[in-house]
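Listed below, chain by chain, are the residues.
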Amino acid sequence: MSDQVGAASGEVVESPGTVEERMRALAGAARRLVVDARSVAMQEESAAVARLSAAKRAQASVAVLPVQQQANTLDAQDRRQLAEQAAVLAPGAAGWEPGDGRWRRGNLAAGARWAGFVRVGTAAGTGVPVVLPLLGTTGWCVLPSSAVTEDDFAEVSTDQVLPDGRAVREGVAARATDAPDDLAGRLGQDRSACLTVVQQAVLRVVAASEPFGVQVETFDPQVTGVMGVLGAVTSRFGQVVSRPVHDAAGLRSVLAGLGEVSSMRAHRMAQAGLSKFEQLQARSRSSDAHRVLVVLDYPRGVDQTAQADLVRLAQSGQARGISLLVTFDPTAQPAPGVNPDDLLGPLSTVVAGGDELWAEALPGVSVVPDGPVVDTEAVCRDVVERTSKAALPTIGFTETLPPRETWWVPIEQGEGLEAAIGFTDADPAVVRLRSGNPPLPHVLVAGAIGQGKSNLLLALIHNLAVRYSPDDLEMYLIDMKHGVEFARLGPGPGRKAFLPHAKVLGIHADRTFGVAVLRHLNQELVARSQVFKQMDVTDIAQIPPGGLAGLPRPARMLVVLDEFQVLLDGDDDLATEAVGLLERIARIARSYGVHMVLSTQTLDGTPKLTAKRDSIFGQVPVRIALKTTSNDSQVVLGAGNSAAAGLQFRGQAILNDNYGATGDNRQIQVAHADPDVLADLRRELWERAGGERVSVPRVFHLAEPANLRTTVGSIEPGRDVTGAPNAWAGLPVAVTEQPATIPVRHEPGAGVFIVGDGPADALGVITGLTLSTVLAARGAAAEIPKVVLLDATAADPATTVGKRALTDVLFAAGCSVEHVTSHESITARIFTLRDQIRDRQVPGPLLVLGHGLHAVAGMTQNPEGLMESPASALDDVLKHGPGAGVVTFAWWNRLHVVTEQLGFKRSSVSAYIFLKHPQDGVRSALGQPLLRWASDPARCLVWDGIGVDPVLAVPFAPLTASEGEQLALQVRPTTGRTEATR
Ligand SMILES: Nc1ncnc2c1ncn2[C@@H]1O[C@H](COP(=O)(O)OP(=O)(O)OP(=O)(O)O)[C@@H](O)[C@H]1O
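Residues numbered from 1 in each chain as written. Predicted model: local features only at pLDDT ≥ 70, side-chain atom pairs only at ≥ 80, totals over all residues. Heavy atoms only, no water.

The chain has the name FtsK/SpoIIIE domain-containing protein in an unreviewed UniProt entry, where Promicromonospora aerolata is given as its organism.

In structure tokens:
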């Protein structure tokens, strides 16, 4: 080069004339840049990035000045302009001096989504701030300068003041092998300088970027803890600054996640014809953060596989928004097959240590490194505060809805179901469910806690509900673990409207109910196979909307099993049955139009599922994974597919409809299923479906008793083959709305012992038995029984409302009620009852209800002047009453009290309903020594005295006042009937 002058020291310098010329050009460029940068709008971001890069090159070219000349040649204006330029390149906290007062004042953001450059120090002798590009580049490798002597520089450098990165590393390596004794000590000191450079760069980048604009992950094999300065950010927003990993497994999982991010970004960019990550960011509906991977003390802890991943990232990361920050430890022996140059080569070298810093990006500039930013607490506070306030990317649910005119258009022959659950970049993210062409029968959904699984399921359910009418689509929505709030989809207090497609809602269902649902589906498949035979079809898609062979087309069924793995938990018959049913349904359901959505938080630790994973998941081509662990991502999506571990926010998901094949990953942003929007929508759909005429779904709630009003509204109390009323004992733990029953025959053995704790539970059971018996009699135009309520708990206010409501409803149904409350009156009434029966003076059918007979004083004592006790009279009532039309439903709190009052035989009544009661008593009463009874809330055990096994049921709750009023209206006889009864 003609205008270069070789200095005596061996430095290469330029003539002052050239330098001055360059300075002027630079000052002009800097001014333009400042003006440009101010007017940069978001959509011009990519163009601005290009301009910034050009300016960076300009800065680099002027910086070739040797140090003294820089100082001599720069006048105050130049310095000011250079400082301004640095502030544009490294805006906000990315470019402030470490001691700047603004660090403490908060609001460190640069005003841009992310800061590309960060300050590292000042140019020696000039005080001009030196900023280096980081985000948007491949990244830096930071080397300790003590390993690099001036000789090394001189040796390796013939035409530059600073050698290129490779030459430095070679120098370092050469030096490290024949190092003098004190080298190790100096290397140690410089290592901490290198760590500080990286730490401060990360701090600045995080502080200056917009919330969620950058995401940092760290591999720290020596557990230096340097990233601890951002610990307060990590503990609140792990997705912004992750907790460092220290071992090979941790590194593998981080690299797997980043590898997926990189490949998915490449895929999305190729699809959209984009070449820069920043363009993708501008177009995406999701949040795409710049990713920074910090690797400390490299090549320590990096094996050949990790090295290959790192190299791949270093080679391709720049275009995909992934940068590396690597500190190099020349004393570390690389693992076999690891050549550090392969990784460090593509990175930009920074040499740190002593009081100087050199950067490959600014050849020839000696930098006085900044000390650490002092008030890191304030930085963390500001980042956490801004991040907490920041809204995550959100897509409104209504944006995913099709035009209104297409709602509920019947499904065409050959078509399946489709729902848009969000967006993938600018296009709707569509989940398809179809029997063939290609077969996409079932969906697997997974996501770690709080990542938006419930939201996703609700978006899917409601999007389908909008597209397909309840005639075309029925839903069974079962939550096995109190996750999704399916309760809101059913009717509720003060809310008539519900999702008209819902047939069954399982809210916090248990395994018994879950398996009952599977059994029901299995029966449904059998029933459909018969219908299909008659229609002469093998697939629901062959049936036109109007049906075939005079038969209507069955509705498709969507079965959502949230936390389905609970079904398979355990080592008992129920779990084995669940696995068998799931396998079978997954295999054969598709042609019958039955689609399962299996959803879970984690699949780890369910041995039964691990064993059957292939046979179940092999039938589930559609996989949706929200952010989760690398392990779970691979279980859900497929071996080697850790894409879901690389997601950053709740609501982001990987949608894959090819059994999780990596090439078919699509990153989506799920729409926000806003509860109010969905509630309005349900009301609209309910009205459209016929409002009050739509049948109410069966709502099953593990911890809640059954609702008698709902059952009376949908089921007509019936009679058994002998014509005896079937009294309702509760609802079975099954899909059916048909209650478990006990026949009320006018023969010995009729009547029911209700035994166990809980006045309210017992009243609920008595209410169900009584009301159903009365209504069954009325339905058969038989004589309506009178009711005698022996109420030993009248003083207990907890059941007053329920008893009054029962009485009111019974009156409304045309039944008289005699309410006996004091203990003396109760015992006296038992005697008169017994006498009426003995004397055949019973005036028509009678129901005797006993509430709390254990509490009646003097039951076992003979009253004065009598030779028998009320208890023995009651025994007679129980024994001989049924033949005379007197049937008793009575509650005691413990079996041993029943025995005290009525003796061991108790042969007079054979039907039992057990509430909360010790297992021993239940076993002895039913004569089943192996029976298991757990006394769960809202469960009762019903034994009708005839069947071999008792039945688990959900008892009815006592009526509330308003339910009483509603039921009274419902059961009041029509005028004609009233006349007839009179
Ligand atoms: N796609 C989304 N857009 C906007 N907000 C969302 C999105 N997904 C979830 N959220 C919000 O994030 C929170 C957690 O979501 P959600 O309850 O769906 O998570 P989850 O994974 O089901 O949690 P958990 O496992 O605890 O039940 C909710 O407040 C929800 O509204």
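Structure shown, so let's carry the discussion forward.
(A) Seen up close, the nonpolar core. Judged by nonpolar contacts, the single largest core of 103 residues is most densely connected at Leu 518, Leu 561, Phe 564, Leu 582, Ile 754, Phe 889 and Ile 913. Of all the elements, helix H16 (residues 511-535) adds the most residues to this core, at eight residues. Listed in part, the 62 residues of the second largest apolar core include Trp 103, Val 131, Leu 203 and Val 205. (Core = buried A, V, L, I, M, F, W, Y, C linked by side-chain atoms within 4.5 Å. Buried < 20%, exposed > 50% of the residue type's maximum accessible area, 1.4 Å probe, protein only. Helix = DSSP H or I, 4+ residues; strand = E, 2+ residues; numbered from the N terminus.)

(B) Here's a closer look at the state of the cysteines. Enumeration according to the criterion identifies zero disulfides in this entry. Of all cysteine sulfurs in the structure, the one in Cys 194 sits closest to Cys 141, which takes part in no disulfide; the separation is 9.5 Å. The class for Cys 141 is buried, based on a relative accessible area of 0%. (Disulfide = S-S within 2.5 Å.)

(C) Examining the UniProt feature "binding site: ATP" (unreviewed entry) in the chain more closely. Mapped onto the present numbering, the UniProt feature "binding site: ATP" (unreviewed entry) falls at Gly 447, Ala 448, Ile 449, Gly 450, Gln 451, Gly 452, Lys 453 and Ser 454. Looking at the secondary structure, you find Ala 448 in the loop between strand S14 (443-446) and helix H15 (453-467). Sequence-distant contacts of Ala 448, defined by excluding residues within four places in its chain, comprise Gln 601, Lys 627 and Thr 628. Tracing the backbone shows Gly 452 in the loop between S14 and H15. On the basis of relative accessibility, which here comes to 19%, the residue Gly 452 falls in the buried class. (UniProt positions renumbered as here; feature names shortened; annotations may be inferred. Contact = heavy atoms within 4.5 Å.)

(D) Main features of the layout of surface pockets. In this structure, the largest pocket occupies an estimated 1,600 Å³ of space. In this structure, the largest pocket is lined by 47 residues; those nearest its centre are Pro 491, Val 696, Asn 707, Arg 709 and Thr 710. Only strand S16 (502-507), strand S22 (698-701), helix H21 (708-714) and helix H28 (961-971) provide two or more residues apiece to the lining of the largest pocket. For the lining of the largest pocket, the element with the most residues is H21, which contributes six residues. Of the residues contributing to the lining of the largest pocket, the split by class is 23 nonpolar, 15 polar and nine charged. Counting only domains with at least three residues in the lining of the largest pocket, you end up with domain 3 (397-693) and domain 4 (703-981). (1 Å grid on protein atoms, 1.4 Å probe; cavity = no way out; pocket = protein on both sides within 12 Å on 5 of 7 lines; lining within 4 Å. Points joined across faces, edges and corners; volume = space filled by probe spheres on them. Nonpolar A, V, L, I, M, F, W, Y, C, P; charged D, E, K, R; others polar. Domains from an automatic or database assignment.)

(E) Quick look at the environment of Pro 697. Checked against the element boundaries, Pro 697 lands in the loop between helix H20 (675-688) and S22. Owing to a relative accessible area of 2%, Pro 697 belongs among the buried residues under this scheme. Through-space distance from the C-alpha of Pro 697 to that of Tyr 476 is 9.1 Å; in sequence the pair is 221 residues apart. The residues touching Pro 697, leaving out its near neighbours within four places in the chain, are Pro 491, Phe 498, Ala 502, Lys 503, Val 504 and Leu 505.

(F) Representation of the pattern of salt bridges in the model. Per the counting criterion, the structure on display carries 34 salt bridges. Across the pair Glu 385 and Lys 389 runs a salt bridge, and its minimum N-O distance is 3.7 Å. With a gap of four residues between them, Glu 385 and Lys 389 both fall in helix H14 (residues 376-389), about one helical turn apart. Judged by its relative accessible area of 43%, Glu 385 is partly exposed. Residue Lys 389 is classed as exposed on the basis of its relative accessible area of 65%. Within this structure, Arg 834, Asp 835, Arg 838, Asp 839, Glu 868 and Asp 876 form a network of salt bridges that share partners. (Salt bridge = Lys/Arg side-chain N within 4 Å of Asp/Glu carboxyl O.)

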